[in-house]
Amino acid sequence: MDKMLNVALPTGRLGEKVYGMFEAAGFECPSIKENNRKLIFENPEKGVRYFWVKPSDVAIYVERGAADVGVAGKDILLEYRPEIYELLDLKIGKCRMAVAAKSDFRDDPNRTLKVATKFSNIALDYYTSLGRDIDVIHLNGSIEIAPILGLSDVIVDIVETGTTLKENKLEVIETIVPISARLIANKAGFKFKNAMIQAVMNGLAKQTEESK
Amino acid sequence: MDRYDNVLNSDEKAAFGLRDLYRSYGYRPYKMSKFEEYDLYVRNKDFLVSDNVITFTDTNGRLMALKPDVTLSIIKNGKDAAGTVEKVYYNENVYRISKGTHSYKEIMQVGLECIGDVDDYRILEVLTLAAESLKQISDESVLDLSHLGIVSEVLEASGLSDGGKKEVLTFLGEKNLHGAMEICEKEGVCGEFSDAIKTLITTYGDPRTVLPVLRSMGIGKKSLAQLESLVLALTEGGIDTVRIDFSVINDMRYYNGIVFRGFVKGIPTGILSGGQYDKMMKKLGRKSRAIGFAVYLDLLQQLQNSEEYDVDTVLLYDDTDTPSQIAAALKTLQKTGTVTALRNPPSLKYKSLITVKEAANLG
């Protein structure tokens, strides 16, 4: 088990795309394409083992060494600040972290701004950098309805196409940071499986260069 | 110590081994009180791994803290004397917030400090001891070495703004090339220096391959020469676990020169951390130079295999066995391993089960 490179992939469409990139880099694992409910797949010939985990958990698996490398969104890395190496921007899963509000929203700097978000640390960092006092309301989903119901003044959330915002009569008022999927590595794993991690990195980097 | 091999945990065994190693190099044990005035930590908050400290008010009204760190106490309590070197090692518990659980934890830490006229030989000695410490803990270890002199010269030469430097330094720690290049582009850093930053982030590994790349960079020549001579001396001393890695970036407000971090296979985070902290000494009003490191022994639990059995033998007795017969049978069986005498069949895990009468027949 020890010699294999353990790779944590995020479940969902992004994960499938990421696996495609690993395959093109020469680290294929045909069994992963079988239609079953297994979560762990390995190809001993290539020395690689993949497992599907919840996207927000990838960084935890990597930080704690259960996975040597993984692919996580920059949003998760900014929010949880795991102790890992961020080796490559895969330039897929692109979206942005943004502040959105009702179209008639007027910012009153005399008042503490109420911000509803799933990403409390990102929101705090952003408003601290502006010197703005905020009241963070941590929500776990359906963030968009918070301003509509008067729970918050604005929301800080991931915006991909903006359709959900539009349907809820919200609009982006500020982009905080662009987001995309990143290749991350465990710090100790990087030392002890360096040759293989470098090979994965080079194989993936080639593809991101080509897609430029 | 062989006699106690089965009794000691991996962290206890390591602590004994490391103390013996440091003693053999002439380091003296340093014992200190569990408490220190809180003021010391408030003034040097950023030097600590975590700035949360357990405090209490002493009977005389002074605000005290349970030590979150050992180095600060050693610096504070030492005296400068020209031409001398104070070499001490410690084995202490410190109290910090654990990152995973966000609650306070008692952490067993072994380490050493070398304070005084620290020359290149002293640095070599401390690096050797760091590498040897890791080897004692595991057959597979890596000592990552960096030189903050090289890093700061590259950053100074790049012309980055203070904010830009801080961000690039964070990216260097994350090996985040794309992030650093974005800042360089934004701040218009010229090709030569953005290439140097790229070199620092991407070069990692065996000094034999990394050093020529660093030489070709042409920046930080004096620091690089020091790094090269230390690496050469370590190799000549039979240490082959050194890797060059500029992602080791201890806080540059306190550390300078050589900094390092140690990893062993099976533990996901660094288990040893250290470096030269002349800047910290100056901040605390000391004139001497200093270098040291700490080994985080609490992490060793992760290497320890859990035992398969609770006890080797269960000795079953009933009303027909006298206490002296049970005691005699137990004593005989103890020669072969751990034994527990029970009246009823146990729920614990054991290798063999034997009655007192069967044991008497064996004896």
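All values derive from a computational prediction rather than experimental measurement.

## A look at the pattern of salt bridges
Where side chains of opposite charge bring their charged atoms close, a pairing between them can arise.
All names here are of chain A.
Working step 1: For the structure on display, the rule yields 34 salt bridges over all chains.
Working step 2: K187 is the salt-bridge partner of E83, the closest N and O atoms lying 3.4 Å from each other. Residue E83 is found in the loop between α3 (74-80) and β5 (85-89), and its partner K187 is found in helix α7 (residues 187-192); the two are separated by 104 residues along the sequence.
Working step 3: For E83, a relative accessible area of 43% gives the class partly exposed.

## Describing the domain arrangement of chain B
Residues and elements named next belong to chain B.
Working step 1: By the assigned domains, chain B splits into domain 1 (1-136 + 278-308), domain 2 (141-264) and domain 3 (311-360).
Working step 2: One C-alpha centre belongs to domain 1, the other to domain 2, and the line joining them spans 26 Å.
Working step 3: If you look at the interface, domain 1 gives 21 residues, while domain 2 gives 24 residues.
Working step 4: Of the roughly 1900 Å² buried between domain 1 and domain 2 on both sides combined, carbon and sulfur atoms contribute 68%.
Working step 5: Contact with domain 2 buries surface across domain 1, with L127, L134 and K279 losing the most and accounting together for 32% of the total.
Working step 6: Measuring nitrogen to oxygen at the nearest pair gives 3.9 Å for the salt bridge that ties D240 to K135.
Working step 7: Our count for the contact surface shared by domain 1 and domain 2 stands at 5 residue pairs in polar contact (both at pLDDT 80 or more).
Working step 8: Contributions of two or more residues to the side of domain 1 that touches domain 2 are made by α4 (120-137), α11 (278-283) and β12 (289-296).
Working step 9: Per-element accounting of the side of domain 1 that touches domain 2 gives the leading share, 11 residues, to α4.
Working step 10: Per-class residue counts for the side of domain 1 that touches domain 2 are 12 nonpolar, 2 polar and 7 charged.

## Overview of the interface of chain A and chain B
Working step 1: Between chain A and chain B, the residue contacts involve 22 residues of the former and 19 residues of the latter.
Working step 2: When chain A packs against chain B, the two sides together hide about 1600 Å² of surface, and 57% of this comes from carbon and sulfur.
Working step 3: Ranking the residues of chain A by area buried against chain B places E86(A), K191(A) and F192(A) at the top, with a combined share of 37%.
Working step 4: For the pair chain A and chain B, the number of links is 2 salt bridges.
Working step 5: A salt bridge links K191(A) to D245(B); the shortest N-O distance between them is 2.8 Å.
Working step 6: Taken together, the links from chain A to chain B amount to 9 residue pairs in polar contact (both at pLDDT 80 or more).
Working step 7: Of all elements in the fold, only β5 and α7 of chain A reach the threshold of two or more residues within the side of chain A that touches chain B.
Working step 8: For the side of chain A that touches chain B, the per-class residue count stands at 8 nonpolar, 3 polar and 11 charged.

## Points about α4(B)
For an α-helix, 3.6 residues make a turn, and residues three or four places apart therefore share a direction.
All names here are of chain B.
Working step 1: In this model α4 runs 26 Å from its N-terminal to its C-terminal C-alpha over 18 residues, within 8% of the 26 Å that 1.5 Å per residue would give.
Working step 2: Taken together, the buried positions of α4 are occupied by I123, L124, E125, V126, L127, T128, L129, A130, A131, S133, L134 and I137.
Working step 3: With a side-chain oxygen lying 3.2 Å from the backbone nitrogen of Y121, the N-terminal cap of α4 falls on D119.

## Remarks on the packing of aromatic side chains
Working step 1: Applying the stated criterion to the full structure yields 11 aromatic pairs over all chains.
Working step 2: Taken together, a centroid distance of 5.9 Å and an interplanar angle of 80° make the contact between Y22(B) and F293(B) edge-to-face. Residue Y22(B) is found in helix α1 (residues 10-24), and its partner F293(B) is found in strand β12; the two are separated by 271 residues along the sequence.
Working step 3: The class for Y22(B) is buried, based on a relative accessible area of 0%.
Working step 4: Of the residues examined, F293(B) reaches a relative accessible area of 2% and is grouped as buried.
Working step 5: Ring pairing ties together the aromatic residues Y22(B), Y89(B), F260(B) and F293(B), which thus form one cluster.
Working step 6: For K175(B), the ring lying beneath its charged end belongs to Y85(A), and the centroid distance is 5.0 Å.

## Quick word on the packing of helix α9 (residues 207-217) of chain B against helix α10 (residues 221-236) of chain B
Residue and element names in this part refer to chain B.
Working step 1: One can describe the packing of α9 onto α10 by two numbers: an axis separation of 11 Å at closest approach and a directional angle of 165°. On the basis of the axis angle, α9 is roughly antiparallel to α10. In terms of crossing hand, the pair formed by α9 and α10 is left-handed. Of the residues in α10, those in contact with P207, L211, L214 and R215 of α9 are L224, L227, E228 and V231.
Working step 2: By residue class, the composition of the contact of α9 with α10 is 6 nonpolar, no polar and 2 charged.

## Quick look at the sheet that holds strand β6 (residues 95-102) of chain A
All names here are of chain A.
Working step 1: Strands sit in the order β8-β7-β9-β6-β10 across an open sheet of 5 strands; the sheet is mixed. Among the strands making up the open sheet, the edge pair consists of β8 (134-138) and β10 (170-179). Each neighbouring strand pair of the sheet contributes to a mean axis angle of 30°, computed without reference to strand direction.
Working step 2: Alignment of strand β7 (residues 113-117) against strand β9 (residues 154-159), held across 3 bridges, turns out to be parallel.

## Points about the confidence of the model for chain B
Residues and elements named next belong to chain B.
Working step 1: Summary statistics for chain B give a mean pLDDT of 89 and a share of 97% for residues scoring 70 or more.
Working step 2: Here helix α13 (residues 356-362) is the element of chain B with the lowest mean pLDDT, 84, and strand β7 (residues 141-147) is the one with the highest, 97.
Working step 3: Across the whole predicted complex the pTM is 0.87, and at the interface the ipTM reaches 0.87.

## Quick notes on the packing of helix α1 (residues 13-24) of chain A against helix α8 (residues 194-210) of chain A
All names here are of chain A.
Working step 1: Running from N to C, α1 and α8 cross one another at 110°; their axes reach a closest spacing of 9 Å. Looking at the two axes, α1 sits roughly perpendicular to α8. Seen from above, α1 lies across α8 with right-handed handedness. Residues M21, F22 and A24 of α1 lie in contact with α8, whose contacting residues are V200, L204, Q207 and T208.
Working step 2: A class-by-class count of the residues in the contact of α1 with α8 yields 5 nonpolar, 2 polar and no charged.

## Things to note about the side chain of D69(B)
Residues and elements named next belong to chain B.
Working step 1: Assignment of secondary structure puts D69 in the loop between β4 (63-66) and α3 (71-77).
Working step 2: Buried and unpaired, D69 has R96 as its nearest opposite-charge partner, separated by 4.6 Å.
Working step 3: For D69, the side chain forms a polar contact with the main-chain nitrogen of T71, separated by 3.0 Å.
Working step 4: D69 has contacts with Y41, F47, L48 and V94, leaving out every residue within four places of it along the chain.

What counts and how
Residues numbered from 1 in each chain as written. Chains lettered and ligands numbered in written order. Predicted model: local features only at pLDDT ≥ 70, side-chain atom pairs only at ≥ 80, totals over all residues. Heavy atoms only, no water. Salt bridge = Lys/Arg side-chain N within 4 Å of Asp/Glu carboxyl O. Helix = DSSP H or I, 4+ residues; strand = E, 2+ residues; numbered from the N terminus. Buried < 20%, exposed > 50% of the residue type's maximum accessible area, 1.4 Å probe, protein only. Domains from an automatic or database assignment. Contact = heavy atoms within 4.5 Å. Buried area = accessible area lost by both parts, 1.4 Å probe. Polar contact = N/O pair within 3.5 Å; in protein donor to acceptor, adjacent residues only side chain to side chain. Nonpolar A, V, L, I, M, F, W, Y, C, P; charged D, E, K, R; others polar. Expected span 1.5 Å × (residues − 1). Phe/Tyr/Trp six-rings, centres within 6.5 Å; stacked < 30°, edge-to-face > 60°. Lys NZ or Arg CZ within 6 Å of the ring centre and 35° of its normal. Axes fitted to C-alpha atoms, helices over the stretch in contact; angles between N-to-C directions. Parallel < 35°, antiparallel > 145°, perpendicular 65-115°, else oblique. Left-handed = near helix turned anticlockwise from the far one by under 90°. Pairing = 2+ DSSP bridges. pLDDT = per-residue confidence, 0-100. Lys, Arg positive; Asp, Glu negative; His and termini not counted.

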